[in-house]
Structures are given as structure tokens and as C-alpha cells.
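Observations on the model geometry
Single-letter residue listing:
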Amino acid sequence: MNPYIESSIKSLAERNPAQSLFLQAVTEVFESLEPILAEIPDIKAHAILERVSEPERQIMFRVCWVDDQGNIQVNRGYRVGFSSALGPYKGGMRFHPTVRLDVVKFLAFEQIFKNALTGLGIGGGKGGSDFDPKGKSDGEIMRFCQAFMSELYHFLGESTDVPAGDIGVGAREIGYLFGQYKRLTKRFAQGVLTGKQVGLGGSLARKEATGFGAVYFAAEMLATREDSLEGKTCVVSGSGNVAIYCARKIHELGGKVVAMSDSSGSIHDPAGIDLDIVAALKEVERARIDQYSQRRRGSKFFAGERVWSFPCDLAFPCATQNELDLDDAKKLLDDGCFAVVEGANMPTTPEAIALLKEKNALFAPGKAANAGGVAVSALEMQQNAALQNWSFKQVDDRLKDIMATIHRDCTFYANKYKRPEDYVFGANVAGFLKTASAIQSYGVI
Ligand code: NDP
Ligand code: 2IT
């Protein structure tokens, strides 16, 4: 390994003990930079690796709220502003009991390069809380969101830091967060949060954007092998925002999704998942996925099973990090799967990615394939700033173009450095070069 990369990773490991997810994300990006470091000595001379891997700011705060029984609850809130080299900090908020600084840092680091790939002038950030929304009443969710925003609002702004949703945070939570921001600041500053309901200034197609974008990216990849989604059997992990709209677009493009999941297990429906049922269960009733099998003849729920057990042509991990490991990759390949497209952030382990590459499977990393969500968030910011509301088709057309451009940029760098079809390499190099050049241009700040 290049000694500059090696010493940078070593120093990060020493300075960030117990942050294995953050180190996993950094290691993957830095290892991709091997050929460009030799070519561009400025990267070392300007300490770009050190500067890009140290967050500009990390905010941690206590969130106290009262539950329905009158008990005082205490959670921890986070917002990491990792890089504002290309624009205001931009990235989602995750509410999940597993949220730690490590999780927020890995997500914010990935977001820097993902956002750079969109070409839309947004920096990288992420936030969240270890608050668990499962089983909470609407009133509890609202009180938590209000308490969370009461601590965070000082740090936000249309050109400073613009949060959005992620796991456990959708349009309902963004509405409560925006309401509290408005109450505290006395400003109807729409551009301070994205993923809003359309009635509050949200963009049409934002809800669909991440899932749709991942499938547009998959279609671009398949086209390079003169193939398409038509007639393909797919599995999609998760059944949240990203998974539902990923599966919808697969169906629209002629593929068939036969399995989806949540953290309790998977549903298998050989006739193709009925997404109206999944959307009703997850978006309206907030129910568990096992309910699906009671509403759909011919389908079955497998408790504790993951979707990788069901044979497919393409797999779309759309739930959480490190959910597809080496054994899962082996099983998928043995069953004939030839492409993995990441809707989630870092869902595939490094060992699994290595095996997929070795076996010539197509692999789309999250920072490229799931960039459609944040890209449409940036389009929401544009609409808010211009007091405009674009049509669904206008936004969806832009999304398609953006995903095609990201695919083209990844392919360009992969081919330039003789790593054809290496989308991990292409995405890391393309995202890094844009960011590094901006960092260097500012001088030392
Ligand atoms: P949601 O909260 O809408 O859905 C998350 C889904 O993943 C649920 O089905 C959930 O199951 C499952 N899941 C979450 N955590 C775990 C876990 N630890 N183990 C097993 N299953 C789990 O989130 P999103 O759809 O918004 O996000 C999914 C992924 O996509 C995340 O990696 C996120 O970072 C990424 N992403 C999201 C974007 C967005 O715009 N929302 C944009 C780009 C990436 P259960 O309900 O049982 O917990
Ligand atoms: O991981 C992601 O890109 C998101 N959760 C969406 C971020 C955003 O600002 O829309």
C-alpha cells in the first residue's frame, strides 16, 4: 500500500478507537486512491487525506423528552458536519437505537463523496439519535422531534447545514422538526430541511428518488452489458423508503421483486411482491412485514431469514450497513445472481465486495447508486430558493440525468485507470478529486 495512505489510515485508527464503521468507510475510499496519489503529488503536499478525514465539526447533545406515561426520557443527538468544501453540510438524520458517533461519522464521510458525485454544490454531513421510533405514539415522536430540534436549530441554515431523512426519519418527522425550527427562529426557512411533505415545500419525487435512482443506475450498468431489467428476478432487503421505491421502479422496468424484509424476517412471493400491500403496511399502518403473508395468497413469511436466501438475478440491499456479508455473497453467486446494487449506505462488507468483483458480478456502491435521494434534496433546495414547485416529471427527468451522469463519471475513471467495471474505484476517485480540488483551492482553512 502507498505509505501516505497507510500512515493516514493508521493515524485515524489510533485517533478514533472503536470507530470500526468509520474506518471501514475511510479505508475503502483511501485504498482506491493508490494510482492517483502517484500522479498528483499535491494531494500529499496539501495534506488532503488528513483534512478530508477529520470532520470540520461534530455536535453531540442531550435530548430530554416526556413519554406518554409521564416518564422523562433521555437520548443522545448528533450532527457531524464533515466537509463544507463543495457546499453546505447536507445529509440525513437517522433515528435508530444503534446510532453512535461511529455510525454518524461513517455516514457523513460517505456523504462527502456521494454529494460530490451529484455535481450539485452540497457538502457532506449526517446526524441522528439513538432514539427508537418503534412502538412510539405520534405524540411521543412529535415531542422527541421538538426536543431534538430545540438543541440543534442554532447550527442549521440554508447555506450552513441542511438535514433530511434517513432510517426512522421520513416526512412525518421532518414536518415536526421543521415546525419546531419555524417556531424557534420565527423564520419560514423552507430550505433548512429537505424531504418535507409537498404541502410544506417538499419536492415531488423526493420520496421516490433514492429507490428510483438506484434502479436507474442499475439500468445504466446493465446497458453496458447490453442487458436490461426486463424479465429479471430481484430481491430487495428492507421495506422502508428506499426499498419500496426501488422495488416499484424494478416492476415498472419489467423486473420482478420476489423478496423483501424488515429486521424481523423476509417475505417471499414468487408471483412478485404486491407493493401496494407493502406501502400500506409500512407507510400507513407502520406494521411489521410478516403481515404481508396474511394479505397475499401464495406468499410466505420467514422469521429471521434475510432476502439473500432466495435465488435472484439482481440483489438490492436497501436496509442497513454490513447486511450482506461474504457468505451471503457466496450464496447469491451460487444461485446465479450477477449484480448487486446498493440502495443503502455501505450494506456490503469489504470481503463480499471483493468476491463479487472476483466473480465478475456487477457491483454498484451506495455512494453512486443511492445518490438520487440527496440529489433530489438539492433540487428541493433549488425549488425552495426560487419559490418554485416543479412537476413530478421535471424532477424525475433531472434525477434520471443525474444518475446517468454519475454512472458516466464512475465509468470514465474506472476505464482511465484500467479498472473496467470497477464502480467502487470509479465512484471513490470521481468524488474524491472534486472534493480534493476544492479543499486545495481554499488554501489552509
Ligand atoms: P427506513 O427507516 O424507511 O427503512 C429502513 C428499513 O431497513 C426497514 O425495513 C428496517 O426494518 C430495515 N432496517 C433498518 N435497520 C436495520 C437493522 N439494523 N437490521 C435489519 N434491518 C434494518 O429507512 P430508509 O429506507 O430511508 O433507509 C434505508 C437505507 O438507505 C439506509 O442505509 C439509509 O442510510 C440509506 N439511504 C437512505 C436515503 C433516503 O433518502 N432515505 C438516501 C440514501 C441512502 P425495521 O423497520 O424492522 O427496523
Ligand atoms: O444517505 C443519504 O444520502 C440520505 N439519507 C439522504 C440525504 C439528503 O440530504 O437527502
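Structure report, in brief. Just so it is clear, the structure is predicted and the values come from calculations on it, not from any experiment.

**Considerations on the site of ligand 1**
- Surrounding ligand 1, one finds 25 residues, the nearest of these being Asp166, Arg206, Ser263, Arg288 and Asn345.
- Contact between ligand 1 and Asn241: an oxygen atom at 2.9 Å from a main-chain N or O atom of the residue.
- Ser263 places a side-chain nitrogen or oxygen 2.5 Å from an oxygen atom of ligand 1.
- Secondary structure elements with two or more residues in the shell around ligand 1: α9 (206–224), α10 (241–252) and β7 (256–262).

**Notes on the site of ligand 2**
- Around ligand 2, the surrounding shell holds 14 residues, and the nearest of these are Lys90, Gln111, Lys114, Lys126 and Ser377.
- For ligand 2, an oxygen atom lies 2.9 Å from a polar atom in the side chain of Gln111.
- In the model, an oxygen atom of ligand 2 is placed 3.0 Å from a nitrogen or oxygen of the Arg206 side chain.
- Those elements giving two or more residues to the shell around ligand 2 turn out to be β3 (89–95), α6 (101–118) and α16 (371–385).
- Taken together, the residues of the shell around ligand 2 sort by class into 2 nonpolar, 7 polar and 5 charged.

**With respect to the environment of Leu33**
- By the secondary structure assignment, Leu33 is in the loop between α2 (20–32) and α3 (34–39).
- Counting along the chain gives 123 residues from Leu33 to Leu156, while the straight-line C-alpha distance between them is 32 Å.

**Some remarks on the packing of α16 against helix α17 (residues 392–416)**
- At their nearest, the axes of α16 and α17 sit 10 Å apart, and the two run at 130 degrees to each other. The pairing of α16 with α17 is recorded here as oblique in orientation. Between α16 and α17 the crossing geometry is right-handed. From α16, Ala371, Gly372, Ala375, Val376, Leu379, Gln382 and Gln383 reach across to α17, where they touch Val395, Arg398, Leu399, Ile402, Met403 and Ile406.

**Looking at unusual backbone geometry**
- Residue Ala47 is not a glycine yet carries a positive backbone phi of 50 degrees.
- Locating Ala47 in the fold gives a position in the loop between α4 (42–45) and α5 (48–52).
- For Ala47, a relative accessible area of 25% translates into the label partly exposed.
- Its identity as a non-glycine residue notwithstanding, Lys418 has a phi of 55 degrees, on the positive side.
- For Lys418, the location among the structural elements is in the loop between α17 and α18 (423–441).
- Accessibility expressed as a relative area gives 71% for Lys418, which makes it exposed.

How each quantity is defined
- Residues numbered from 1 in each chain as written.
- Chains lettered and ligands numbered in written order.
- Predicted model: local features only at pLDDT ≥ 70, side-chain atom pairs only at ≥ 80, totals over all residues.
- Heavy atoms only, no water.
- Near = heavy atom within 4 Å.
- Polar contact = N/O pair within 3.5 Å; in protein donor to acceptor, adjacent residues only side chain to side chain.
- Helix = DSSP H or I, 4+ residues; strand = E, 2+ residues; numbered from the N terminus.
- Nonpolar A, V, L, I, M, F, W, Y, C, P; charged D, E, K, R; others polar.
- Axes fitted to C-alpha atoms, helices over the stretch in contact; angles between N-to-C directions.
- Parallel < 35°, antiparallel > 145°, perpendicular 65-115°, else oblique.
- Left-handed = near helix turned anticlockwise from the far one by under 90°.
- Contact = heavy atoms within 4.5 Å.
- Buried < 20%, exposed > 50% of the residue type's maximum accessible area, 1.4 Å probe, protein only.

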